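Listed below are the residues making up each chain.
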Amino acid sequence: MSLDNTIENFKAYLERKNAFSRAGGLYGWDMQTANPPAAGMPYRAKTMAILAEEEFKMSISEEMKSYLTELEAHFDSLSDDVKAMHRICKKQYYDNINIPAEEARAFEELKVKGYEVWRNAKINNDFKSFSPYLKQLVDYQKKFVAYRDDSVNTDNIYHAYDSLLADYEPGLTCKDLDVFFAKIREAIVPLLKDVVASGNVIDTSFLNRPVSLEKQKRIARLIMDTLGFDFDKGLLAETEHPFCGAIAHNDVRITTHYYENNFLSSLFSVAHESGHAIYDQNVSEAYADTVVDNGTSFGIHESQSRFFENVICRSLEFWQYIYDDIMEILGDDFKDITAEQFYRAANVAQPSLIRIEADELTYSLHIMIRYEVEKLLFSGDIDVNDLPALWNEKMKEYLGIEPADDKTGILQDVHWSYSSFGYFPSYSVGSAYAAQLLAYMEKDMDVYGNIRNGNIAAIKSWLTDKIHKYGALYEPEQLISMINGEKLNADYYVAYLRKKFS
Ligand code: ZN
């Protein structure tokens, strides 16, 4: 068969494989946003499991293997998009091909059970009931990593953890992250101490004034329109936990949650998820519904959500621009509040126990703690039973506060319960990429001037040109270095936080 034929067949094969994952994604979306209560378990779950299984089988089939082998033999003559498809499929193939089916099934069951046990453990503040499951999850994950035939730093003592990091942030290793977090620790821990010692108290009480659901929906629409969310290619729904779901090309949806006494919560979650969606909505048409029609990594995806949420929507200039429109919706209840007061209240920095409620300054300290303990778990230097005390100790050291119990400490986050190890760092890496992109963007335009004038379109098109349009064509390191010849560099992030919070 000629190479052209192979490529054509490979693409057709991926289209078919993609159809299963798109259908599963749409089911998943529907399950979380709209379906009648009785439609979920067990029937729909069964359909979703079948779709996922079909897609999985295609990812490790003999046919897939023959495409990968054939394309590899002609790798240099492939176009960039076929190279990317090969790269993505090859990783999926070798991540899974050597795992015995029995063990794969047992692991899936363990994850479902792990989530259940974790949920109860958190409610009952009972780490001991979760720890045996956590230990099994870690052991399974270590074993599965050993089955992988990958080339991620095999000489590194943290090999298992590096391999997991590659699931979320390809190319990033512990070596990189050790340097990254050391810079953050050295800069942020003392900066936070200064902020706390300054004793500045910012009035945020007005944020609890009630805002009706109807008004909050209008605010959400205003924010999405202002940021450039394309309603021809997406929509907004409501769920308990906000998220963004890329269903298909030209179909990227987000959700929010409205709290009557905290309208900023929805405002910022809409801004955050819009950032994710704007990335997905602006991947080049040329990659529509291929495996390249995605963000390239969790970190880069998070850089976009945080750029829109933090860099744009938490700036003074944004509040100056949006003030009249917001006030028109909020009405007399807020007429005593200025744009500057909104801005200040939206940027209060103080140590807190819960990661998802943390401000921009302290957020990465929470992530750094997760990173440090995950690394120790996978290097075998600690046992799961050491975790609660170690967590509290690190909270005290970096944030100066200590959780009174495990549900606001080590048990607060869901990720470990379904074996999502190596995910957390991508949150901080995303914030750091956002700051790095801001610095590059400022060389090309007056970013905050554009925000003050409501010219978010100029910012969006810069991001589309440098990031969005490529989808998953390039790995993060290459994508970022194409802008300015540099890879991930925490200095930009540290400088950004110092400027904002000093
Ligand atoms: Zn996000």
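Residues numbered from 1 in each chain as written. Predicted model: local features only at pLDDT ≥ 70, side-chain atom pairs only at ≥ 80, totals over all residues. Heavy atoms only, no water.

Student: What's the story with the coordination of the zinc ion in this structure? I'm lost.
Tutor: Note on the zinc ion: its protein donors are His-272 (NE2), His-276 (NE2), Glu-302 (OE) and Glu-302 (OE). The metal-donor distances range over 2.1 to 2.7 Å. One way to put it: the four donor atoms around the zinc ion meet at angles of 49 to 125 degrees, and that makes the site irregular. (Donors = N, O, S within 2.8 Å, 3.2 Å for Na, K, Ca; no water. Tetrahedral: all angles 85-135°; square planar, octahedral: opposite > 155°, others 65-115°.)

Student: Just to check I follow, could you spell out the sheet that holds strand E3 (residues 251–256) for this structure?
Tutor: Backbone-to-backbone hydrogen bonds pair the strands of a sheet. The strands run either parallel or antiparallel. One open sheet accounts for three strands, arranged E1-E3-E2; its pairing is mixed. For this open sheet the edge positions go to strand E1 (236–238) and strand E2 (244–248), each flanked by a neighbour on one side alone. Taken over all neighbouring pairs, the strand axes of this sheet differ in orientation by 30 degrees on average, direction set aside. Packed onto the sheet, helix H1 (residues 3–33) meets E1, E2 and E3 and runs at close to 140 degrees relative to E2. Those strands touched by helix H10 (residues 263–281) are E1, E2 and E3, and its axis lies near 170 degrees from that of E3. (Pairing = 2+ DSSP bridges. Helix = DSSP H or I, 4+ residues; strand = E, 2+ residues; numbered from the N terminus. Axes fitted to C-alpha atoms, helices over the stretch in contact; angles between N-to-C directions. Contact = heavy atoms within 4.5 Å.)

Student: Where do I start with the packing of helix H5 (residues 101–123) against helix H6 (residues 127–147) in this structure?
Tutor: If you want to describe how two helices pack, look at the angle between their axes and the distance between the axes. Their axes nearest at 9 Å, the elements H5 and H6 cross at an angle of 150 degrees. Of the possible angle classes, the one that applies to H5 and H6 is roughly antiparallel. The handedness of the crossing between H5 and H6 comes out as left-handed. For the pair formed by H5 and H6, the contact residues are Glu-103, Ala-104, Ala-106, Phe-107, Leu-110, Lys-111, Lys-113, Gly-114, Val-117, Trp-118 and Ala-121 on the first element and Ser-129, Phe-130, Tyr-133, Gln-136, Leu-137, Tyr-140, Gln-141, Lys-143, Phe-144 and Tyr-147 on the second. The class makeup of the residues in the contact of H5 with H6 is 13 nonpolar, four polar and four charged. (Parallel < 35°, antiparallel > 145°, perpendicular 65-115°, else oblique. Left-handed = near helix turned anticlockwise from the far one by under 90°. Nonpolar A, V, L, I, M, F, W, Y, C, P; charged D, E, K, R; others polar.)

Student: Help me understand the pattern of salt bridges, please; the structure alone is not making it clear to me.
Tutor: Oppositely charged side chains are able to pair whenever their charged atoms sit close together. The full count for this structure, using the stated rule, is 37 salt bridges. Taking the shortest distance from any N to any O, the salt bridge between Arg-148 and Asp-167 comes out at 2.9 Å. In this pair, Arg-148 is assigned in the loop between H6 and helix H7 (159–168) and Asp-167 in helix H7, connecting sequence segments 19 residues apart. Judged by its relative accessible area of 13%, Arg-148 is buried. Taking relative accessible area as the criterion, Asp-167 reaches 28% and is therefore assigned partly exposed. A salt bridge links Glu-238 to Lys-217, with the shortest nitrogen-to-oxygen separation between them at 3.7 Å. Of this pair, Glu-238 sits in strand E1 while Lys-217 sits in helix H9 (residues 213–227), and the two are 21 residues apart along the sequence. (Salt bridge = Lys/Arg side-chain N within 4 Å of Asp/Glu carboxyl O. Buried < 20%, exposed > 50% of the residue type's maximum accessible area, 1.4 Å probe, protein only.)

Student: Please clarify how H7 should be interpreted in this entry.
Tutor: Because an α-helix packs 3.6 residues into every turn, residues spaced three or four apart end up facing the same way. Within H7, eight of the 10 residues are buried, which leaves the element mostly enclosed by the surrounding structure. Taken residue by residue, H7 has Ala-160, Tyr-161, Asp-162, Ser-163, Leu-164, Leu-165, Ala-166 and Tyr-168 as its buried positions. Buried residues belonging to H7 abut helix H4 (80–96), H6, helix H8 (174–198), helix H11 (298–312), helix H14 (360–379) and helix H16 (425–444).

Student: Sorry, what's going on with the packing of H10 against helix H12 (residues 316–330) here?
Tutor: In contact at an axis separation of 15 Å, H10 and H12 are set at 130 degrees when each is read in the N-to-C sense. Considering their axes alone, H10 and H12 lie oblique with respect to each other. Handedness of the H10/H12 crossing: right-handed. Contact with H10, carried on its side by Phe-263, Leu-264, Leu-267 and Phe-268, involves Trp-319, Ile-326 and Leu-330 of H12 and no other residues of that element. A class-by-class count of the residues in the contact of H10 with H12 yields seven nonpolar, no polar and no charged.

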